[in-house]
Amino acid sequence: MENVLVKCEKLDHFGRGLGHVSGKIIFVPNLLVGEEALVKIVLDKKKYMIGEIVCLNNKSEDRIKPKCPYENCGCAIKSLNYEKTLELKKEKVLEILKRYSGIENVIQEIVPSGNIYAYRNKITLKVKNGKIGYFKNGTNELIEIKRCEIASEKTNQIIKVLSQTDLCKAKEIIIKDFGEVMVIIKGDMNIDNLKPLVNSIYMNDVLIYGKENIITQLGDFKFYVSKDAFFQVNMDVALKLYNKVVEYLDNGESILDLYSGTGTISLFLSKYFDNVTGVEINKEAVRCANLNKSLNNVSNVRFICGDVSKNIHNLKAENIVVDPPRSGLTNGGISDILKINPKKLVYVSCDPMTLARDLKLLKDNYEVKEVTLFDMFPWTYHVESVCLLLRK
Ligand SMILES: C[S@@+](CC[C@H](N)C(=O)[O-])C[C@H]1O[C@@H](n2cnc3c(N)ncnc32)[C@H](O)[C@@H]1O
């Protein structure tokens, strides 16, 4: 397709440069506001186009040289100055809340990540034809990598070892570095060179070396990290976020921790509430949550294994915290929360769109008092929100 000249007017919610060509919108990854570039059109749809930079005509003063040399990985905004990435994320949530829930003037601040590199405790590497890397966004085209700058130094040592290993029969390799290290392999490979670097290796769901679970420390608590259960990817920001949840809730008699995962928020809250009930659908996460309870000698927390949409209608609590997956709350879940009628509701969200949708349904009964944003995923367009709602 032909090349066109594009001037970037703003960044969209996915961190892509947005411009117009003959009145039609064009999205160009890695083009910053004010920059003009010669762009190759790679997709031409009825209402929009997607382009790739061929040649940048001028550079924004907010452009930095990213540490990572790879294009099209998950770090969509790695060429933007870090302070500006924080502003961008704040503006994005402001705009989404205003447009989709009619809520304004509630965002307090965006809390930066203590480490902007080497912050991720988990990465998923794809393997194709014996090479390791990431799949280019939305495709199964492999971008071979030698390092990942947002992963830990230990993870990068493991990547180096992997790149010197025959991976022809491997398909996917997950590395979890929580101080103790777990490697989860799909497919087959020789693990001898990995053993000195790690504490646990699974192959095709079977433990083949070391410990069943690894252990990590977050704040005053120790947590088991298992092969399958969710754990926040950035420890520094996770700790700041959990402390904010505690701060928003003060203390009290009873609290429900909905979508409780391995019980992290429940354990943080156990210091301030007489009784805490976590609800979580993933059996493995609940098993870990119970292990975490014993590991930390906590007795005022219980975990229910089940779907939030089906298990909370009989429960009572003065306070609720919810931390759902990207899809947000269900309509049934929202009506059950409204029936429980807590005084305070804290909503932890990893997707501002579903947060805005759910706040719109809650706002007749609850005042959205304030929202604090957390940069859990530096250099990506993702942002975590913690929202305090008070019963009207
Ligand atoms: C974003 S994670 C939060 C976990 C935990 N609060 C934490 O900070 O580690 C969302 C959790 O919701 C669980 N989940 C997803 N759908 C669910 C449902 N319908 N009912 C209960 N839990 C669910 C997932 O298994 C996952 O552990």
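Computed from a predicted structure; not experimentally measured.

Draft legend 1. Representation of the pattern of salt bridges in the model. If you walk through the whole model with that rule in mind, you get 25 salt bridges. Between Glu95 and Arg99 there is a salt bridge; the shortest N-O distance is 3.2 Å. Of this pair, Glu95 and Arg99 both sit in helix α1 (residues 82–101), four residues apart, which is roughly one turn of that helix. Judged by relative accessible area, which is 28%, Glu95 ranks as partly exposed. Given the relative accessible area of 55%, Arg99 is considered exposed.

Draft legend 2. Summary view of the sheet that holds strand β10 (residues 142–144). Taken in spatial order, the seven strands line up as β10-β9-β8-β11-β12-β13-β14 in an open sheet, and their pairing is mixed. Of all strands in the sheet, those with a lone pairing partner are β10 and β14 (206–210), marking the two edges. Strand after strand, the sheet turns through a mean of 30° between neighbouring axes, direction not considered. Of the pairings in the sheet, the one linking strand β9 (residues 131–135) to β10 comprises three bridges and is antiparallel in character. Within β10, the residue paired with Tyr134 across the bridge is Ile143. The strands that helix α2 (residues 153–163) touches are β8 (122–128), β9, β11 (170–178) and β12 (180–187); relative to β11, the one it contacts most, it runs at about 155°.

Draft legend 3. Spatial organisation of the site of the ligand. What surrounds the ligand is a group of 17 residues, the closest being Tyr242, Glu280, Asp307, Val308 and Asp323. Here a nitrogen atom of the ligand sits 3.1 Å away from a polar atom, N or O, in the main chain of Ile281. For the ligand, whose accessible area on its own is 600 Å², the fraction buried by protein is 87%. Class assignment for the residues of the shell around the ligand results in eight nonpolar, six polar and three charged.

Draft legend 4. α2, seen in detail. Among the residues making up α2, those that are buried are Thr155, Asn156, Ile158, Ile159, Val161 and Leu162. Buried residues belonging to α2 abut β8, β9, β11 and β12.

Draft legend 5. Up close: the packing of aromatic side chains. A full pass over the atoms with the stated rule returns nine aromatic pairs. With a centroid separation of 5.1 Å and an interplanar angle of 85°, the aromatic rings of Phe14 and Tyr381 are classed as edge-to-face. One end of the pair, Phe14, is in the loop between β2 (10–11) and β3 (17–21); the other, Tyr381, is in the loop between β22 (366–374) and β23 (384–391), with 367 residues separating them in the sequence. According to the relative accessible area criterion, Tyr381 is partly exposed, its value standing at 26%. On the numbers, 5.3 Å between centres and 50° between planes, the contact of Phe221 with Phe268 is tilted. Taken together, the residues span a long stretch of sequence, with Phe221 in strand β16 (residues 221–225) and Phe268 in helix α4 (residues 264–270) at a distance of 47 residues.

Draft legend 6. A look at the sheet that holds strand β4 (residues 24–28). If you trace the six strands from one edge of the open sheet to the other, you get β1-β5-β6-β4-β3-β2, paired in mixed fashion. Two strands close off the open sheet at either side, each with one partner strand: β1 (3–7) and β2. Sheet analysis places β4 next to strand β6 (residues 48–56), joined by three bridges and oriented parallel. For Phe27, the partnering residue across the bridge sits in β6 and is Ile50.

Draft legend 7. Region of interest: empty space enclosed by the protein. Going through the model one piece at a time under the given rule, you end up with one cavity of 30 Å³ or more. Taken as a whole, the largest cavity encloses approximately 30 Å³ of empty space. The class makeup of the residues in the lining of the largest cavity is six nonpolar, three polar and one charged.

Draft legend 8. Structural detail: the pairing of β23. Burial runs high along β23: six of the eight residues are buried. In this sheet, β23 lies alongside strand β21 (residues 344–349) in antiparallel orientation, the contact comprising six bridges. Counterpart to Leu345 in the pairing with β23 is Leu389. In this structure, β22 lies alongside β23, joined through eight bridges in antiparallel fashion. The partner of Tyr366 across the bridge, within β23, is Arg391.

Draft legend 9. Broad picture of the domain arrangement of the protein chain. According to the domain assignment, the protein chain contains domain 1 (3–63), domain 2 (84–115 + 234–391) and domain 3 (122–216). One C-alpha centre belongs to domain 1, the other to domain 2, and the line joining them spans 36 Å. Domain 1 puts six residues into the contact, and the matching count from domain 2 is six residues. Around 590 Å² of area is buried between domain 1 and domain 2 when both sides are counted, 65% of it from carbon and sulfur atoms. It is His13, Phe14 and Asp62 that lose the most area in domain 1 upon contact with domain 2, and together they represent 75% of the buried surface on that side. Where domain 1 touches domain 2, the interface holds zero salt bridges. Where domain 1 touches domain 2, the interface holds two residue pairs in polar contact (both at pLDDT 80 or more).

What counts as what
- Residues numbered from 1 in each chain as written.
- Predicted model: local features only at pLDDT ≥ 70, side-chain atom pairs only at ≥ 80, totals over all residues.
- Heavy atoms only, no water.
- Salt bridge = Lys/Arg side-chain N within 4 Å of Asp/Glu carboxyl O.
- Helix = DSSP H or I, 4+ residues; strand = E, 2+ residues; numbered from the N terminus.
- Buried < 20%, exposed > 50% of the residue type's maximum accessible area, 1.4 Å probe, protein only.
- Pairing = 2+ DSSP bridges.
- Axes fitted to C-alpha atoms, helices over the stretch in contact; angles between N-to-C directions.
- Contact = heavy atoms within 4.5 Å.
- Near = heavy atom within 4 Å.
- Polar contact = N/O pair within 3.5 Å; in protein donor to acceptor, adjacent residues only side chain to side chain.
- Areas by Shrake-Rupley, 256 points an atom, 1.4 Å probe, with all protein chains shown as cover.
- Nonpolar A, V, L, I, M, F, W, Y, C, P; charged D, E, K, R; others polar.
- Phe/Tyr/Trp six-rings, centres within 6.5 Å; stacked < 30°, edge-to-face > 60°.
- 1 Å grid on protein atoms, 1.4 Å probe; cavity = no way out; pocket = protein on both sides within 12 Å on 5 of 7 lines; lining within 4 Å.
- Points joined across faces, edges and corners; volume = space filled by probe spheres on them.
- Domains from an automatic or database assignment.
- Buried area = accessible area lost by both parts, 1.4 Å probe.

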